[in-house]
Amino acid sequence: MFSFALGIGTQNKKGEWLEVYFPAPLLSPDVAPVKEARRVLGNSDDRVVPFNHAHCQELAAALRGAGNDAQAQLAESLSNSQKPLVAVFLEEDVAPKSVPEAYLKLQLLSHRLVKPHGTKLEGIFGVLKNVAWTSEGPIDVEELSERQLQARLEGRTLSVTSVDKFPKMTDYVVPTGVRIGDAIRIRLGAYLGEGTTVMHEGFCNFNAGTEGPNMVEGRISAGVFVGAHSDLGAGCSTMGTLSGGGGIVISFGENCLIGANAGCGIPLGDRCTIEAGLYITAGTKVTVIDAEGKEVNVVSARDLAGQSDMLFIRHSVSGRVECRINKSAIVLNDALHSNN
Amino acid sequence: MFSFALGIGTQNKKGEWLEVYFPAPLLSPDVAPVKEARRVLGNSDDRVVPFNHAHCQELAAALRGAGNDAQAQLAESLSNSQKPLVAVFLEEDVAPKSVPEAYLKLQLLSHRLVKPHGTKLEGIFGVLKNVAWTSEGPIDVEELSERQLQARLEGRTLSVTSVDKFPKMTDYVVPTGVRIGDAIRIRLGAYLGEGTTVMHEGFCNFNAGTEGPNMVEGRISAGVFVGAHSDLGAGCSTMGTLSGGGGIVISFGENCLIGANAGCGIPLGDRCTIEAGLYITAGTKVTVIDAEGKEVNVVSARDLAGQSDMLFIRHSVSGRVECRINKSAIVLNDALHSNN
Amino acid sequence: MFSFALGIGTQNKKGEWLEVYFPAPLLSPDVAPVKEARRVLGNSDDRVVPFNHAHCQELAAALRGAGNDAQAQLAESLSNSQKPLVAVFLEEDVAPKSVPEAYLKLQLLSHRLVKPHGTKLEGIFGVLKNVAWTSEGPIDVEELSERQLQARLEGRTLSVTSVDKFPKMTDYVVPTGVRIGDAIRIRLGAYLGEGTTVMHEGFCNFNAGTEGPNMVEGRISAGVFVGAHSDLGAGCSTMGTLSGGGGIVISFGENCLIGANAGCGIPLGDRCTIEAGLYITAGTKVTVIDAEGKEVNVVSARDLAGQSDMLFIRHSVSGRVECRINKSAIVLNDALHSNN
């Protein structure tokens, strides 16, 4: 069993799901409670099973009987819900075919239960609906103008903060040990490791994130993953798998620093630095300088992909882009050893 | 007749308009319904005519009689309003002299009824009031601190999301076929064409926008217009008419790509690319390279304004800025033809 | 006496302060009213003195008797509060040891009562609590998930806009004569001088700000101060004292322009310009060019720190970074003199 979760969501006027909130999704759950939940909810083979208040007490009893008190308590709480309820049963990790499945997978990521690239998300854009995220909750874009007029007539401004297929993560999950300056810039499905601070200029797309601890003031594009103790300077750019980066999946190792307003289109190993304001694309011709300061050769940046201890600068007199042995990284290591 | 619209708005304690919401503004409306509306509301020559609930039913009947059922229905709805009502009659397209006129023009733009530079906006900054946009609606900045204390005493935090002359577009208009990651970055008066996605890092000022479809992750400054299928990479900059760009109006043709963290201070034709991280200002000295790779001459970027099929890069070994025939654009065209 | 203020705040379930709002903090207050407030609230030596509704009328009478009507009126208003009340007495300007002290100091900054670096803030990160700033007010992150589920069950989405130690300034203070496109990007403790406009891409950290008037479309990092009539172009970066800039405190004089997507890691005097897209770090090797266009020498940018009338560009043919006498600044000065 891949995942099981009980959720509470929003539907449009046609009864189609717009979004689902899963307070406590389970990865690789015990079989017994899930089987019991299946039984109470009618023993179908469906992955997505809507239910209502009437099921909640029986569901709670069955889950408790099968040994999962936390889920039982959740089922009990849901009996007070004024919004639609749903159970999702994912026997295997398959591409999502419905809004509840997609939202469950995005919440598994943000709950740190699976890592970026750790669950199948193929076709998720086609599954998700474009939703107006408003001060009065999620609204189908087709039903929005009517709601806006109605709110105005009643003396309120219905404020629309986003019109997107993805909501902001923090309305579903705030993982432990994180700070987030401007939460609308973190999409649901982001994975922010313990100890991650995302400043106001930072951004993180879905299926992407940080190992933690990290300081993020730049943009983590879809698919990008950042190793522990690596910093993204303010306004820096990473090329994602959805656009720009093409087929290359960008990741950074540990103790890297992408400078402010810099950019990176290749994966990096550990202890790499790109100086502030320099954009390295896969096609950038880079002059490699060895530890003695001698020019070795000129290569495309893609040929350096994944290597460690690199320092990228644009020489401010010659104007050429150089890759040097990252001396400050070496100094850091020396300091580290001197503590032994 | 240039435009007619019925609105519902907010006034400060002195009875001055702060903003007006026009649910269904009309461009070049039929004369008959407008004449009827004029008659019911007192036959003045004023462009801005406040009215109240008592007028609504008669107004609805008159509009229906003159053949405009949609406006009649709106007039009927407004009879339930708890906020001030106003009708705006613009015989001609003249510079706005009042808040209701200015808001009507901005909404004509965002409703895609007029294109950027398609309506007179001279002096709009002087007309608009600086407003605190809050969780409890628009508030005159001079009345704010009192309201904040009052809210606190009653146990609420009055949240101020913006203090600006322009509100965010989505609280007034969400045009069809758009996605907007962070709606506060789209000012009312932006024109977003069908199929436009503005990611969280994107921005669009008033009197500016996209033809659609477009992917916008950079900043569309005031006055800038982007042709169909052109992409603005994340964090890229365009120089606007309000500052930086001086007298030049920046526009991009179709199928252009401004790379991430790049910038552009000249208009571009079709199929142009600026590589990630490179800023082209009007004064940048650019070495032009022909299709055979031969250097042609060195010109200021402003001399290349408006041309098509240009690829701008900063050579990563020599450090010089070059303009090359955009080979990838040509390849794209070949691919297109091979589909016939 | 350094400061005195009456506040109204939020506590978590354990009774710990999360934040405090001080509607009218006093710098260098008269001794008499403060002494009277001390007396009414029990004559302790504590800097932070919680009180309740029962004290308010006596406090108001005492403050009025000692000649401070404004504070008396505030004390009266607080008698209606449904939230916890607190008085803060700072005899001297010492590093904050509690949430109320820290919030008072941040509000002194944003009220323009003290300038950046004008009050002791050592250790403030350790004092402040990480708070979820939500549509239902400030919530302790540890109490958040329970509140989110409860809100969902009751049919609401509890929207979390930020998870941070610092709230946004505008929920506490909106100083006169400012415009702020996206208020979440201004932290409490920012100092925005009269006439400052911060566009949507602008940002200002605490203990940093502008003299005013200024146009800010770039990022003012912690500790950075910008002189009058200086502009920060959209997306530009300044290196702060918390990270990147190390020990150097960055400030800009008057009439400077940091171009769009540019960056600066050194302090600048008056009338300096950095061209769009160029990042100057302390270590950038800069070729200095005199007024006659002759090369003078090559220095590290840090050696030019604080000088005036500098224009930094990267030559677009040679690729080298140059510092020239800022000719446009000189022209501006000529124009200025011709007005006499």
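In the block above lies the structure referred to throughout.
A few points on the structure.

**Points about the packing of helix 1 (residues 31–40) of chain A against helix 2 (residues 53–65) of chain A**
All names here are of chain A. Relative to each other, helix 1 and helix 2 sit at 155°, their axes nearing to 9 Å. Classified by the angle their axes make, helix 1 and helix 2 are roughly antiparallel. Considering how the two elements wind past one another, helix 1 and helix 2 form a crossing that is right-handed. Touching Pro33, Glu36, Ala37, Arg39 and Val40 of helix 1 are His55, Glu58, Leu59, Ala62 and Leu63, all from helix 2. Class assignment of the residues belonging to the contact of helix 1 with helix 2 gives a composition of 6 nonpolar, 1 polar and 3 charged.

**What to know about the interface of chain A and chain C**
Contacts between the two partners involve 42 residues from chain A, matched on the other side by 44 residues from chain C. The junction of chain A with chain C conceals about 3,100 Å² of combined surface from both sides, 50% of it contributed by carbon and sulfur atoms. Counting the surface chain A buries against chain C, the share from its top three residues, Arg179, His200 and Ser316 of chain A, is 20%. In this assembly, chain A and chain C are joined by 4 salt bridges. Note that Glu201 of chain A and Arg185 of chain C form a salt bridge whose closest N and O atoms lie 2.5 Å from each other. The tally of links from chain A across to chain C stands at 22 residue pairs in polar contact (both at pLDDT 80 or more). Counting only elements with at least two residues in the side of chain A that touches chain C, the list comes to strand 1 (3–11), strand 2 (17–21), helix 3 (69–78), strand 7 (137–140) and strand 9 (179–180) of chain A.

**Observations regarding the relation of the copies chain A and chain C**
Both copies of the chain are placed relative to one another by a rotation about an axis and a shift along it. If you rotate chain A by 120° and push it 0.0 Å along the axis, it lands on chain C with an RMSD of 0.0 Å. Both chain copies can therefore be described as sitting about a three-fold axis. Measuring from the rotation axis to each C-alpha of chain A, the shortest distance belongs to Gly319 of chain A, at 2.4 Å. Comparing interface residues between copies, only 17% of those in chain A also sit at the interface in chain C, which points to a heterologous contact through distinct surfaces.

**Observations concerning the relation of the copies chain A and chain B**
Screw-axis analysis of chain A against chain B gives a translation of 0.0 Å along the axis, an RMSD of 0.0 Å, and a rotation angle of 120°. Interface residue correspondence from chain A to chain B reaches only 16%, placing this contact among heterologous pairings that use different surfaces.

**Here's the deal with the packing of helix 2 (residues 53–65) of chain C against helix 3 (residues 69–78) of chain C**
Residue and element names in this part refer to chain C. The geometry of helix 2 relative to helix 3 is characterised by a closest axis approach of 8 Å and an angle of 165° between their N-to-C directions. As summarised for this structure, helix 2 and helix 3 are arranged roughly antiparallel, according to the angle between their axes. For helix 2 against helix 3, the interelement crossing comes out left-handed. Residues His53, Cys56, Gln57, Leu59, Ala60, Leu63 and Arg64 of helix 2 touch helix 3, and the partners they reach there are Asp69, Gln71, Ala72, Gln73, Ala75, Glu76 and Leu78. In terms of residue class, the contact of helix 2 with helix 3 is built from 7 nonpolar, 4 polar and 3 charged.

**Here's the deal with the side chain of Glu101 of chain C**
All names here are of chain C. Tracing the backbone shows Glu101 in helix 4 (residues 99–110). Note on Glu101: relative accessible area 3%, which makes it buried. At 3.4 Å, the side chain of Glu101 and the side chain of Arg47 are in polar contact. For Glu101, the contacting residues outside a window of four places in its chain are Arg47, Val48, Val88, Leu90, Ala95 and Pro96.

Criteria and thresholds
Position numbers for residues start from 1 in each chain and track the written sequence from start to end. Chains carry letters and ligands carry numbers; both start at the beginning, A for chains and 1 for ligands, and go up in the order they are written. The model is predicted, so local features are restricted to residues of pLDDT at least 70 and side-chain atom pairs to those at 80 or more, both for listing and for counting; the totals for chains, interfaces and linings are taken over all residues. Water and hydrogen atoms were dropped before computing side-chain values, which therefore reflect all heavy atoms in the structure. Between N-to-C directions, angles cover 0 to 180 degrees, with each direction set by a line fitted to C-alpha atoms, over the stretch in contact for helices. In DSSP terms, a helix is any run of H or I states spanning at least four residues, a strand is any run of E spanning at least two, and both are numbered starting from the N terminus. To sort the angles, those under 35 degrees are grouped as roughly parallel, those over 145 as roughly antiparallel, those from 65 to 115 as roughly perpendicular, and the leftovers as oblique. Here a crossing is called left-handed whenever its near helix is offset anticlockwise from the far helix by less than a right angle, and right-handed whenever the offset is clockwise. We call two residues in contact when some of their heavy atoms are within 4.5 Å. Charged means Asp, Glu, Lys or Arg here, nonpolar means Ala, Val, Leu, Ile, Met, Phe, Trp, Tyr, Cys or Pro, and polar covers whatever is left, Gly included. Defined in terms of a 1.4 Å probe, buried area is the accessible area two parts forfeit on being brought together, summed over both. By definition, a salt bridge exists where a carboxyl oxygen of Asp or Glu is found within 4 Å of a side-chain nitrogen of Lys or Arg. Think of a polar contact as two N or O atoms within 3.5 Å of one another; within protein, one of them needs to be a possible hydrogen donor and the other a possible acceptor, and neighboring residues in sequence only count if both atoms come from side chains. When the copies are superposed, the least-squares fit takes in the C-alpha atoms of residues with a pLDDT of at least 70 in both. Think of it in three bands: residues with accessible area under 20% of the maximum for their type are buried, residues over 50% are exposed, and the middle band is partly exposed, with areas taken using a 1.4 Å probe on protein chains only.

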